[in-house]
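Observations on the three-dimensional arrangement
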Amino acid sequence: MKIVVCIKQVPDTKGGVKFNPDGTLDRGAMLTIMNPDDKAGLEAALRIKDEYGAEVTVLTMGLPKADEVLREAMAMGADKGILVTDRVLGGADTWATSTTIAGAIRNLDYDLIITGRQAIDGDTAQVGPQISEHLDIPVISYAQDIKIEGDSVVVQRQYDDRYHVVKAKMPCLITALSELNEPRYMTPGGIFDAYDAEVTTWGRKDLKDVDDSNLGLAGSPTKIAKASDKVRKGAGEKVTLDPEEAVNYIVDKLTEKHVI
Ligand SMILES: Cc1cc2nc3c(=O)[nH]c(=O)nc-3n(C[C@H](O)[C@H](O)[C@H](O)COP(=O)(O)OP(=O)(O)OC[C@H]3O[C@@H](n4cnc5c(N)ncnc54)[C@H](O)[C@@H]3O)c2cc1C
């Protein structure tokens, strides 16, 4: 069985977020981590590998330094890493990102593609389902449990107060929630091997069946017009009251602001 896991290197928001003058994220200037949902997706793939045997390929599109996130995945147990990087791919919105990733995946054999539900920087949750559309395969999003049954996957798809059990024949795409599992740590041996291993690097010319007009900032139907920090809340108000008065005070405030 062959599994492709799409992983994104995202800014570690604890280190602060920086923007370029054109409103795009200045990814080179920020501390980075593996996107949490993607790490859970990778762990799910590694558990399938442990149980049934599988070849796990991790794929990322990003700056050359996104190679780090592939090596981390390989140190956890992924077999191969593919970095898709090219200047013309920069500034992509979800359409251009998913077009690029699908173009790269068309070069690979796969039974299952796993993406995260959403990336903590863009936060759109669109890339996974869009990749499945480009590749014309079924998608099950919001996976909180994944099982393999013969040539199908059986997935618990999360809703607010329930879940659906959905079965799909492979090849298909699943988007993983970080609640899916507790990802394993890298092993020391895995770290040595991963840093010696070869990562395949692909550029624009390696993308299959994609048109330049759908790539990068120029090929993005959406453009960020403006990016700004959140409006900071004030320091708040401290009052000392009896419990009953305090309850009435809070209820009045919430009513005043139409919260209740
Ligand atoms: C309206 C709009 C306009 C935008 N315009 C710009 C712009 O002009 N310039 C710009 O730089 N950014 C732009 N972005 C951000 C850009 O779209 C996202 O960084 C990128 O398309 C991925 O989307 P996301 O982070 O929301 O991923 P999501 O859809 O939340 O990600 C879902 C999953 O897809 C996979 N995935 C996503 N991205 C990658 C990747 N690069 N490599 C591997 N796997 C991946 C991961 O598994 C991830 O968990 C824009 C976003 C929006 C909403």
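Counting restarts for each chain: residues are numbered from 1 in the order of the written sequence. Note on the predicted model: pLDDT of at least 70 is required for a residue's local features to be given, and 80 or more for side-chain atom pairs to be given and counted; whole-chain, interface and lining totals, by contrast, use all residues. As a convention, hydrogens and water are excluded, and side-chain values are obtained from all of the structure's heavy atoms.

**Digging into the site of the ligand**
To keep things clear, this is the line we draw: Here a residue is considered near a molecule or strand provided that any single heavy atom belonging to it is located within 4 Å of it. Within 3.5 Å is the distance limit for a polar contact, defined as a pair of N or O atoms, with the added protein rule that one can donate a hydrogen and the other accept it, and that residues adjacent in sequence qualify only through two side-chain atoms. Note on areas: Shrake-Rupley with a 1.4 Å probe; residue coverage comes only from the protein chains shown. In this text, helices come from DSSP runs of H or I with a minimum length of four residues, and strands from runs of E with a minimum of two, each type numbered from the N-terminal end.
Taken together, 31 residues are adjacent to the ligand, and Lys8, Asp38, Ala119, Thr124 and Val127 come closest. At a separation of 2.9 Å, an oxygen atom of the ligand approaches a polar side-chain atom of Thr97. At 3.4 Å, a side-chain N or O of Asp121 approaches an oxygen atom of the ligand. Protein contacts shield 88% of the accessible area of the ligand, which totals 940 Å² for the unbound molecule. Contributions of two or more residues to the shell around the ligand are made by β4 (55–61), α3 (94–105) and β6 (112–116).

**Some points on the environment of Thr13**
Rules: Any residue under 20% of the maximum accessible area for its type is buried, any over 50% is exposed, and the rest in between are partly exposed; the area is computed with a 1.4 Å probe on protein chains only.
Relative to the assigned elements, Thr13 resides in the loop between β2 (9–11) and β3 (32–34). With a relative accessible area of 46%, Thr13 lands in the partly exposed category. Separated by 21 residues in the primary sequence, Thr13 and Met34 place their C-alpha atoms 12 Å from one another.

**Some words on the UniProt feature "domain: Electron transfer flavoprotein alpha/beta-subunit N-terminal" (unreviewed entry) in the protein chain**
What counts here: UniProt positions are given in the numbering used here, feature names are shortened, and annotations may be inferred rather than shown by experiment.
The UniProt record annotates "domain: Electron transfer flavoprotein alpha/beta-subunit N-terminal" (unreviewed entry) at residues 22–210. Split by type, residues 22–210 is 30% helix and 28% strand. Its first and last C-alpha atoms lie 26 Å apart.

**Notes on the packing of α3 against helix α4 (residues 127–135)**
Put simply, the rule reads: In this analysis, axes come from line fits to C-alpha atoms, helices being fitted only over the stretch in contact, and the angle between any two N-to-C directions falls in the range 0 to 180 degrees. With respect to orientation, any angle under 35 degrees is reported as roughly parallel, any angle over 145 as roughly antiparallel, any angle of 65 to 115 as roughly perpendicular, and every other angle as oblique. The sense of a crossing depends on the near helix, which, turned anticlockwise from the far helix by less than a right angle, makes the crossing left-handed and, turned clockwise, makes it right-handed. Contact definition: two residues touch when any of their heavy atoms are within 4.5 Å. The nonpolar class holds Ala, Val, Leu, Ile, Met, Phe, Trp, Tyr, Cys and Pro. Asp, Glu, Lys and Arg form the charged class, and all remaining residues, Gly among them, are polar.
At a minimum axis distance of 8 Å, the contact between α3 and α4 shows a crossing angle of 50 degrees. The pairing of α3 with α4 is recorded here as oblique in orientation. Regarding α3 and α4, the two cross each other, and that crossing is right-handed. Together, Thr94, Trp95, Thr97, Ser98, Thr99, Ile101, Ala102 and Ile105 of α3 and Val127, Gln130, Ile131, His134 and Leu135 of α4 make up the contact between the two elements. Across the contact of α3 with α4, the residue classes break down as 7 nonpolar, 6 polar and no charged.

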